[in-house]
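A closer look at the structure
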Amino acid sequence: MARTLEIVGEKWALLAVREVFLGNGRFDEMVRRTGAPRDTMAARLRVLVGSGILERRQYSAHPVRFEYHLTDAGRDLYPVILTLMRWGDRHLAGPAGPPLELEHRCGHPLSAQLVCEACGDPVVMGETRAVRNR
């Protein structure tokens, strides 16, 4: 977990990943939507690209401009982002409710839940155990 937090455990890093999930992969748009200082966002994006979570793709030659896209490793962070959003919506949203809601393709508000891939049961604290990798 410590290795993971070194890459994505900083506020601006997770907000940058969230923005790319929401379809905002351009630097100026990320800075505007997150409120991050430009130099801080640039540094976080360099780490995310260097760690294989995002990749840069050129979208303009004159001037040269890039946008960010998720790699497979980046897409694997989607459940993490959803879980953090759900926690914040439940415990930190004010009377007006959460600032953003996600809708599933079925048309209903998304209520993400962590489930066991093998049996499909919800993952509940106290019903898992740590097993050393051999």
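Residues numbered from 1 in each chain as written. Predicted model: local features only at pLDDT ≥ 70, side-chain atom pairs only at ≥ 80, totals over all residues. Heavy atoms only, no water.

Describing the overall build of the protein
- Of regular secondary structure, the protein possesses 6 helices and 2 strands.
- What you see in the protein, going N to C, is helices and strands ordered as α-α-α-α-β-β-α-α.
- Expressed as lengths along the three principal axes of its C-alpha atoms, the size of the protein is roughly 55 × 45 × 25 Å.
- Out of the 134 residues in the protein, the part that is buried amounts to 24%.
- Counting contacts in the protein only where the partners sit at least 6 residues apart, residues at least 24 apart contribute 39% of the total.
- For the protein, the accessible area works out to roughly 10100 Å², and carbon and sulfur atoms hold 52% of it.
- Where the 19 positive side-chain charges of the protein centre and where its 16 negative ones centre are 4 Å apart. (Helix = DSSP H or I, 4+ residues; strand = E, 2+ residues; numbered from the N terminus. Buried < 20%, exposed > 50% of the residue type's maximum accessible area, 1.4 Å probe, protein only. Contact = heavy atoms within 4.5 Å. Areas by Shrake-Rupley, 256 points an atom, 1.4 Å probe, with all protein chains shown as cover. Lys, Arg positive; Asp, Glu negative; His and termini not counted. Charge placed at Lys NZ, Arg CZ, Asp CG, Glu CD.)

Description of helix 4 (residues 38-50)
- If you check helix 4, its first and last C-alpha atoms are 18 Å apart, about what 13 residues at 1.5 Å a residue would give, namely 18 Å.
- Buried residues along helix 4 sit against helix 1 (2-8), helix 2 (11-21), helix 3 (27-34), strand 1 (54-61) and strand 2 (64-70).
- Immediately beyond the C-terminal end of helix 4, within one or two residues, lies Gly 52, with a positive phi of roughly 80°. (Expected span 1.5 Å × (residues − 1).)

Remarks on the side chain of Glu 19
- Relative to the assigned elements, Glu 19 resides in helix 2.
- Its relative accessible area of 0% is what places Glu 19 among the buried residues.
- When sequence neighbours within four positions are dropped, the list of residues in contact with Glu 19 reads Asn 24, Met 30, Arg 33 and Thr 34.

What to know about the nonpolar core
- Counting 23 residues, the largest nonpolar core has Val 17, Met 30, Met 41, Leu 45, Leu 48, Ile 53 and Leu 54 as its most contacted members.
- Looking at which element gives the most residues to this core, the answer is helix 2, with 6 residues.
- Among all residues touching Ile 53, those that are not within four sequence positions of it are Ile 7, Val 8, Val 17, Leu 48, His 69, Leu 70, Thr 71, Gly 74 and Leu 77. (Core = buried A, V, L, I, M, F, W, Y, C linked by side-chain atoms within 4.5 Å.)

A look at unusual backbone geometry
- Here His 62 and Pro 63 are connected by a cis peptide whose omega angle stands at -5°.
- Note that Pro 63 resides in the loop between strand 1 and strand 2.

A short note on the packing of helix 2 against helix 6 (residues 78-91)
- Close contact between helix 2 and helix 6 brings their axes to 11 Å; oriented N to C, the two are set at 105°. Classified by the angle their axes make, helix 2 and helix 6 are roughly perpendicular. Every residue of helix 6 that contacts helix 2 at Leu 14, Val 17, Arg 18 and Phe 21 is listed here: Tyr 78, Ile 81 and Leu 84. (Axes fitted to C-alpha atoms, helices over the stretch in contact; angles between N-to-C directions. Parallel < 35°, antiparallel > 145°, perpendicular 65-115°, else oblique.)

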